[in-house]
Every structure is written in structure tokens, then in C-alpha cells.
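# Understanding the architecture of this molecule
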Amino acid sequence: MLLSEVAYARPASVDEAIALLAGNDGARALAGGQTLINVMKARVASPEVLVDLADLAELREIGFSSAGLLEIGAMVTYAQLVSSSEVDVARPILARVAATIGDVQVRNRGTVGGNVCVADPTNHLPPLLTVLDATFTVRGEGGERSVGAEDFFKGVYLTEVGEGELLTKVSVPPSKGAGDGFAGVTIGKHGTYIVNATATVSEDGVRIALGCVGAVPVRATAMEEALSGGDLGEDAVRAAAEGLGASLDPPGDVHGSADYRRRLAEVSAVRAVLQAASGTGGQ
Amino acid sequence: MASEPRASRAIEVEINGERYEREVPARRLLVHFLRDDLDLTGTHIGCDTGNCGACTVLLDGDPVKSCMLLAVQADGASLRTIEGLAPNGELTPLQRSFNEHHALQCGYCTPGMLMSATALLERTSSPSEEDVRYALQGNICRCTGYVNIVEAVVAVGEGTSGG
């Protein structure tokens, strides 16, 4: 398919990338391109300038901060997450979920930064990173700032990253004995989610977030509170999920009605919490 | 500024061991660069939406869909396409196994299937059926029902096909 005419730049540093993004109207960052190239084909997006982040090696790194946070560069691919020893040690759920995104070819190109900056409500990583209490580092010409997931995701295809800014990394606390779970129902085996749920169980309690039921990840706070007593047996978890569906206002489409998504939200949340409680979620 | 945005770029890529230098428009997809500029028409365009995998090539050893990549993004990379598998006409064990197992009917998806399976076999010398199905998830075949394709790839790993 023929794309609209576009100009292309391949900066050698993050500062140069930000200057290009800030200095050109209609400029967009190009990471793996597994969404952007397709929406350009469909003319849903027609950026005038693509700023390719391919040469920014510092954005491709996975490591640990001095405070012990797992730091994932925005250009880290799903394939890198899957095979990373750092991820395996610190938060293996990230690798387990990344291994189910798209297919081999998409995982070789698609990036963590692209997944969260596209902020499609059906993407895997936004609810997962919300539950893991990740922080997002956004850099612009005026400096950089860190924001939590609940401030980062602002709407459908909308994040805290403004014009002329770049997400540089995502920082995730290591599990430290917490159990993580991720469950849901997809269209096809590894297809798009109809609904998904992420849960984590730690000494601080239970955190649960749902994907595909709202513009941004939705925390299941009432269910979290209902589980604060510490009983994470199957009956208790099922009881805690009652009413979760009714509290949601999910979209209905060809893949599932709003009522079906409400039901799936409860089922998925129960499965995610039980996985997390049994410590099998990261395996 | 070191790199002004431009509507085209001079790129240098290595494809099947041969170096190519071309000036390409930024909007040109890699698959069009391969097929139209270089006449490497073995890489097929199936869906042109990133779903079918017929256009799969190896970029620095990794399978990617060449319809979801701009040619300029491949600047500096080493590519392998279906033409590189049997440059002298002598089929690889995988290609012979596809023949022996009747792993294709219309053949349209076959170049992509072979590139994905080639990458798998270079990483995992004896993949299981599950490994093969996972590795070929991004390659759609509308004729065979996949059974013979999966058998053909597994057989190469077991050394029971094609030598």
C-alpha cells in the first residue's frame, strides 16, 4: 500500500530526537512501527515527519536503577522482554505476558514504549503496568518527569506524553515475593483481548486492574478492598468479584456485548487473583 | 541539527550476502523496495495489513513482516529473503521437507512460512510440534490446514527428512 508522503529523520541521541519532535509540526516518534505503519497505511494517521528512534541504544536497555527498580527502555522489544534475565529475576509476569502479544514477527519489532504510548484500550501492557505500580519517565526540552500509571494513561490513544516529548523508560518495582496474575479472553489464541485482568498479591494487599472495559485501565478498588482481609481462597475471591461487572461501563462491539464484557471482567479478575495468590502467575 | 527530516534517504542494506545502495522515498515499504526496486519478487504481499506473514523476511536474523517496515528503517541491516535460501538451486533440508510432506498447495504463503521456519530451526535444532506452531503463528495459510507444514518443519529437526 502506498503511504502518504512523509519526511524521515534518524537521530543519534535522545536530545536530538526531542529537538526533532519539538521542532517539526506533525512529527511523530517511530518505534517498532507495528501499529504506526499500519495506521499510516489506512490514513488514520498521516504524520508529516517520522522521528525514528532505532539508533537510540540507551532506549533499548533493560537494567536496574540504584533504588532497585527494573528499568525498561522505551525501545525494548517484546522479544527482549521474553528473553531478559533481568525481567526473569525481577518481574517474570512481564515476560509471560509479552510472549502472548501478537506473533513472532510482531514481538521482534514491537516495543514496550509503543505499546503504552499507543494506549489502545485492548493493549496488554497498560493494565499490567498499572497493577505493577510502574512509573513512566517522559522527557521534553524542559527536562524529564516521572508519572505513575494512573496519570500516564489519559484516554483512548492518549497519554501524558505531549507534543515534543518522548517516553524514555518504564520503571517497575521488583516483585519481592509478590505473586502476579494475568488472565482474560482473547479473539483467537493469542489475539486481541475482549477483556483482560491483572492482579498482584503482596504484603501490601491485592491490586487488580481491568483492560478493554474503559478508555484507560480500570482499577477494581471495591474488589481489592473486599480481599483486604487476607482470605484469598477461591470462594472468597469469587464473592469479592460480585458486583464488579455492574460497576463497569464497557463498550459493546462485534466481539462481545457490554454485558458479556461485564461478566468476563468478573471471571477474568477472579482468575488473575487466584493465579497471583498461588504464585503461579509469573511461571 | 545533525539529521534534518527528508522525504528520501540513501540506504545501504545487505540482502542475501549482496550489498545494495539506493535512494528510497521515506514512505516506501520494505516489501515494495524488495519487489519493485530490486526485483526480488519471491517475498509476497498477502494482506498488506500485517496479519498474514506472507511478506516475512529475516532482519539481522529475526523474522519480521516487510509490509510493516519502511525501507529506510532497514538502513544498515542485513536481510535474508526467500531468494537467499537456495541461491544455487539446491534446496535446503527445510525446502525438501516441504516438498516431501506436501506442505503447500497454492504456495502463496510458502516464502513467509519458510523464512519463519528457517529462523526457528537456526535457534532450535529440534523444535517440538508446539514450538513450530508458536513460531508460525504469524504466518497464515488458507489451503493446507497447517498439519503438513508443521510436520515438515518438525521432521527437519528430527533429521528424518531431506538429509
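The notes below deal with the structure included here. Counting starts from 1 at the beginning of each chain's written sequence and moves along it residue by residue. The naming scheme follows written order: chains are lettered A onward, ligands numbered 1 onward. Per-residue local features of the predicted model are confined to residues with pLDDT of at least 70, and side-chain atom pairs are confined, for both listing and counting, to 80 or more; whole-chain, interface and lining totals are unaffected and use all residues. Only hydrogens and water are set aside when side-chain values are computed; all heavy atoms of the structure are taken into account.

Attention shifts here to the overall build of chain B. Within chain B one finds 5 helices and 5 strands. For this measure, only C-alpha atoms enter the radius of gyration; the expected value for a globule follows 2.2 Å times N^0.38, where N is the number of residues. Relative to the 2.2 N^0.38 estimate, which gives 15 Å for 163 residues, the radius of gyration of chain B is 16 Å and therefore close to what a compact globule would have. Dimensions along the principal axes, computed over C-alpha positions, put chain B at roughly 55 × 30 × 25 Å. Three labels apply to residues, based on accessible area from a 1.4 Å probe with only protein chains included: buried if under 20% of the type maximum, exposed if over 50%, partly exposed otherwise in between. Taking all 163 residues of chain B together, the buried fraction comes to 53%. Two residues form a contact once any of their heavy atoms are found within 4.5 Å. The contacts of chain B with a sequence gap of at least 6 include a subset with a gap of at least 24, amounting to 55%. For every accessible area listed, the method is Shrake-Rupley and the probe measures 1.4 Å; residues are considered covered only by the protein chains on display. Accessible surface for chain B amounts to roughly 7300 Å². Of this, 45% is attributable to carbon and sulfur atoms. Counted charges follow a simple rule, with Lys and Arg positive, Asp and Glu negative, and His plus the chain ends left uncounted. Here the site of a charge means NZ on Lys, CZ on Arg, CG on Asp, or CD on Glu. Side-chain charges in chain B split into 13 positive and 22 negative, and the spacing between the mean points of these groups amounts to 5 Å. Here a strand is any run of E in DSSP of at least two residues, a helix any run of H or I of at least four, and the numbering for each starts at the N terminus.

With that out of the way, let us pick up the pattern of salt bridges. For salt bridges, the criterion is a side-chain nitrogen of Lys or Arg within 4 Å of an Asp or Glu carboxyl oxygen. The final tally for this structure, using the stated rule, is 26 salt bridges over all chains. Glu 266 of chain A is the salt-bridge partner of Arg 263 of chain A, the closest N and O atoms lying 3.8 Å from each other. Of the two residues, Arg 263 of chain A and Glu 266 of chain A both sit in helix H12 (residues 258-278), 3 residues apart, roughly one turn of that helix. The class for Arg 263 of chain A is exposed, based on a relative accessible area of 52%. Between Glu 129 of chain B and Arg 133 of chain B there is a salt bridge, with the nearest N and O atoms lying 2.9 Å from each other.

On the chain B side, the residues contacting the 37 residues of chain A number 35 residues. Together, Tyr 8, Arg 10 and Gln 105 of chain A form the three largest contributors to the area buried by chain A at its contact with chain B, with a combined 23%. For the pair chain A and chain B, the interface holds 3 salt bridges. The salt bridge partner of Arg 27 of chain B is Glu 5 of chain A, with a shortest N-O separation of 3.9 Å. Polar contacts, as used here, are pairs of N or O atoms within 3.5 Å; protein pairs need one atom able to donate a hydrogen and one able to accept it. Residues neighboring in sequence count only if both atoms are side-chain atoms. Where chain A touches chain B, the interface holds 17 residue pairs in polar contact (both at pLDDT 80 or more). Where the side of chain A that touches chain B is concerned, the elements lending two or more residues are strand S1 (7-9), helix H1 (14-23), helix H2 (36-41), strand S3 (49-52) and helix H6 (104-109) of chain A. Among the elements that line the side of chain A that touches chain B, the one with the most residues is H6 of chain A, at 6 residues. Each residue gets one label: Ala, Val, Leu, Ile, Met, Phe, Trp, Tyr, Cys and Pro are nonpolar, Asp, Glu, Lys and Arg are charged, and the others, such as Gly, are polar. Taken together, the residues of the side of chain A that touches chain B sort by class into 18 nonpolar, 10 polar and 9 charged. Accessible surface is computed with a 1.4 Å probe, and the buried area is the amount of it that two parts give up when combined, taken over both parts together.

Right, let's talk about the sheet that holds strand S6 (residues 135-140) of chain A for a bit. Strands in a sheet are paired, the pairing made by backbone hydrogen bonds, and the direction either parallel or antiparallel. All names here are of chain A. When DSSP finds two or more bridges between a pair of strands, those strands are recorded as paired. Here 5 strands make up an open sheet; going across it, the order is S4-S5-S10-S6-S7 and the pairing antiparallel. With partners counted over all chains shown, the strands left at the sheet margins are strand S4 (62-64) and strand S7 (143-148), one partner each. When strand polarity is set aside, the average angle formed by the axes of neighbouring strands in this sheet is 25 degrees. The pairing of S6 with strand S10 (residues 166-172) spans 5 bridges and is antiparallel. Residue pairing across strands places Thr 137 opposite Lys 169, the latter belonging to S10. Axis definition: a line fitted to C-alpha atoms, over the contacting stretch in the case of helices. Angles run 0 to 180 degrees between N-to-C directions.

What follows concerns helix H2 (residues 93-100) of chain B. The periodicity of an α-helix, 3.6 residues per turn, causes residues three or four places apart in sequence to face the same way. Residues and elements named next belong to chain B. Considered for burial, the residues of H2 that qualify are Leu 94, Gln 95, Ser 97 and Phe 98. Relative to the axis of H2, the buried residues are bounded by an arc of 160 degrees and lie together on one face. Summarising the geometry of H2, the exposed residues directed more than 90 degrees from the buried face are Asn 99 and Glu 100. Where the residues of H2 are buried, they touch helix H3 (110-123) and helix H5 (147-158). Note that the arc is defined by the directions from the helix axis to the C-beta atoms.

Residues and elements named next belong to chain A. The strand order S11-S12-S13-S14 describes an open sheet built from 4 strands, whose pairing is antiparallel. The strands lining the two open edges of the sheet, one partner per strand, are strand S11 (179-186) and strand S14 (218-219). Judged from the 8 bridges that link them, S11 and strand S12 (residues 193-202) form a sheet pairing that is antiparallel. By the bridge assignment for S12, Gly 184 is matched with Asn 196. Sheet strands in contact with H12 are S11, S12 and strand S13 (205-211), and its direction is about 30 degrees off that of S12.

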